Amino acid sequence: REMEVKIISSELASFKGEWLKIWDVLPVGLHIIFALDPASADAESAETNDTDFNALTVLGKKGLDIYLLDYITIRGVDPDELVAKFFEMFFRWKPKELVTESINFQRILAWYFKQEMKNRRVYIPVIEIKQERRKKSDRIIQAFTVNGLAPYGHFHIRAGMTEFIADFTSWGPSITMHDDLLDSVSIGIRRLMGLLGDYLDGEYEEVQSDEDEEEDPEFRRPANAGCP
């Protein structure tokens, strides 16, 4: 996956590597969610090396800060491997919900996740996003720059997340590359920032307000917080 990333001129890339802050110890009280950018079913008819990736990310929010906790990328649209990884990450992070697009195959995949959770007696809300009219590139840029999130040092990643760093520092609207991981993260950020209200299928409660979070000076280190 990393070998496919091309070296891009900094003038063409939308984001700067120095915007990314590295977390080592996480604050207690993070509101944690899953975000999923499913592979397009149409990609199955493309050449094998050019198919889309399923990108599943775990993000947490505390105050003004958002943390990228974990992620996986899996090529193709076979749901079985993705669901297996989902439950591995679920028991590691205990997210409050899964937010995903719900268009065509994505809607079928959301249904598949719900059925598997029912079978395994694991229940979290699956928040489905209706199709947005804006370009994907506009959504990605909005997510990382809203309220100065990344430019002002409020977006945190773990050291060693080389795949994400490569994508983040190489991506731009005019650059042809896989953006599944960035799109998944952008979905999670926009959900945590309360920017998806007009695009949700059905009625859902908004994420917990930071004002309601109990301040806790202690910190914790997650177990097995590795990332492929």
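Everything numeric here is computed off the predicted structure, so don't read it as measured data. (Residues numbered from 1 in each chain as written. Predicted model: local features only at pLDDT ≥ 70, side-chain atom pairs only at ≥ 80, totals over all residues. Heavy atoms only, no water.)

A. Representation of the environment of Leu56 in the model. Structurally, Leu56 can be placed in strand 4 (residues 53-62). As a C-alpha pair, Leu56 and Asp180 span 124 residues in sequence and 9.2 Å in three-dimensional space. (Helix = DSSP H or I, 4+ residues; strand = E, 2+ residues; numbered from the N terminus.)

B. Representation of the sheet that holds strand 8 (residues 155-158) within the structure. Strand order in the open sheet formed by seven strands is 1-8-5-4-3-6-7, with mixed pairing between adjacent strands. Because the sheet does not close on itself, it has two edges, and the strands there are strand 1 (21-23) and strand 7 (126-129). Each strand of the sheet is rotated relative to its neighbour by a mean of 30 degrees, with strand direction disregarded. Strand contacts of helix 1 (residues 79-93): strand 3 (31-37), strand 4, strand 5 (65-75) and strand 6 (98-101), with the helix running at about 155 degrees to strand 5, the strand carrying the most contacts. (Pairing = 2+ DSSP bridges. Axes fitted to C-alpha atoms, helices over the stretch in contact; angles between N-to-C directions. Contact = heavy atoms within 4.5 Å.)

C. Representation of the pairing of strand 7 within the structure. Side chains of strand 7 alternate between two faces, with Val126 and Glu128 and Ile127 and Ile129 buried alike. In this sheet, strand 7 lies alongside strand 6 in parallel orientation, the contact comprising four bridges. Residue pairing for strand 7: Val99 is matched across the bridge by Ile127. (Buried < 20%, exposed > 50% of the residue type's maximum accessible area, 1.4 Å probe, protein only.)

D. Examining the packing of aromatic side chains more closely. For the structure on display, the rule yields 14 aromatic pairs. Seen in terms of ring centroids, Phe144 and Phe168 are 5.3 Å apart; in terms of plane orientation they differ by 75 degrees. Their pairing is edge-to-face. Highlighted residues: Phe144 in helix 3 (residues 136-145) and Phe168 in helix 4 (residues 162-170), separated in sequence by 24 residues. The class for Phe144 is buried, based on a relative accessible area of 0%. Residue classification places Phe168 among the buried positions, given a relative accessible area of 0%. Taken together, Phe15, Trp19, Phe144, Phe155, Phe164, Phe168 and Trp171 form an aromatic cluster joined through their ring pairs. (Phe/Tyr/Trp six-rings, centres within 6.5 Å; stacked < 30°, edge-to-face > 60°.)

E. Local environment of the side chain of His156. For His156, the location among the structural elements is in strand 8. Owing to a relative accessible area of 12%, His156 belongs among the buried residues under this scheme. A distance of 3.1 Å separates a polar atom in the side chain of His156 from a polar atom in the side chain of Asp65. Apart from residues lying up to four places away in sequence, His156 is in contact with Lys21, Trp23, Asp65, Ile66, Tyr67 and Leu68. (Polar contact = N/O pair within 3.5 Å; in protein donor to acceptor, adjacent residues only side chain to side chain.)

F. Spatial organisation of the packing of helix 3 against helix 5 (residues 180-192). Two elements in contact, helix 3 and helix 5, have axes separated by 9 Å at closest approach and are oriented at 55 degrees. One way to sum up the angle between helix 3 and helix 5 is to call them oblique. Here helix 3 and helix 5 pass one another in a crossing that is left-handed. Along the contact surface, helix 3 presents Lys136, Arg139, Ile140, Gln142, Ala143 and Phe144, while helix 5 presents Leu182, Asp183, Val185, Ser186, Ile189 and Arg190. Of the residues that constitute the contact of helix 3 with helix 5, the class distribution is six nonpolar, two polar and four charged. (Parallel < 35°, antiparallel > 145°, perpendicular 65-115°, else oblique. Left-handed = near helix turned anticlockwise from the far one by under 90°. Nonpolar A, V, L, I, M, F, W, Y, C, P; charged D, E, K, R; others polar.)

G. Just helix 4, in detail. For helix 4, every residue scored as buried is listed here: Glu163, Phe164, Ala166, Asp167, Phe168 and Ser170. Buried residues along helix 4 sit against strand 5, helix 3, strand 8 and helix 5.

H. Structural context of the confidence of the model for the protein chain. Mean pLDDT over the protein chain works out to 81, with 76% of the residues at or above the 70 mark. The spread of mean pLDDT over the elements of the protein chain runs between strand 9 (residues 219-220), the lowest at 40, and strand 8, the highest at 98. Considering only residues more than four positions removed or in separate chains, one finds that residues 202-228, a stretch of pLDDT under 50, has 56 contacts. (pLDDT = per-residue confidence, 0-100.)

I. Seen up close, unusual backbone geometry. Not every positive phi belongs to a glycine, and Lys94 is a case in point at roughly 55 degrees. With respect to the helices and strands, Lys94 occurs in the loop between helix 1 and strand 6. With a phi close to 55 degrees, Asn147 is a non-glycine residue in the positive phi region. Relative to the assigned elements, Asn147 resides in the loop between helix 3 and strand 8. Among the residues examined, Asn147 registers a relative accessible area of 66% and is labelled exposed.

J. The arrangement of the environment of Gln131 in detail. Residue placement: Gln131 occurs in the loop between strand 7 and helix 3. Sequence spacing of Gln131 and Ile103 is 28 residues, and the spatial spacing of their C-alpha atoms is 6.5 Å.

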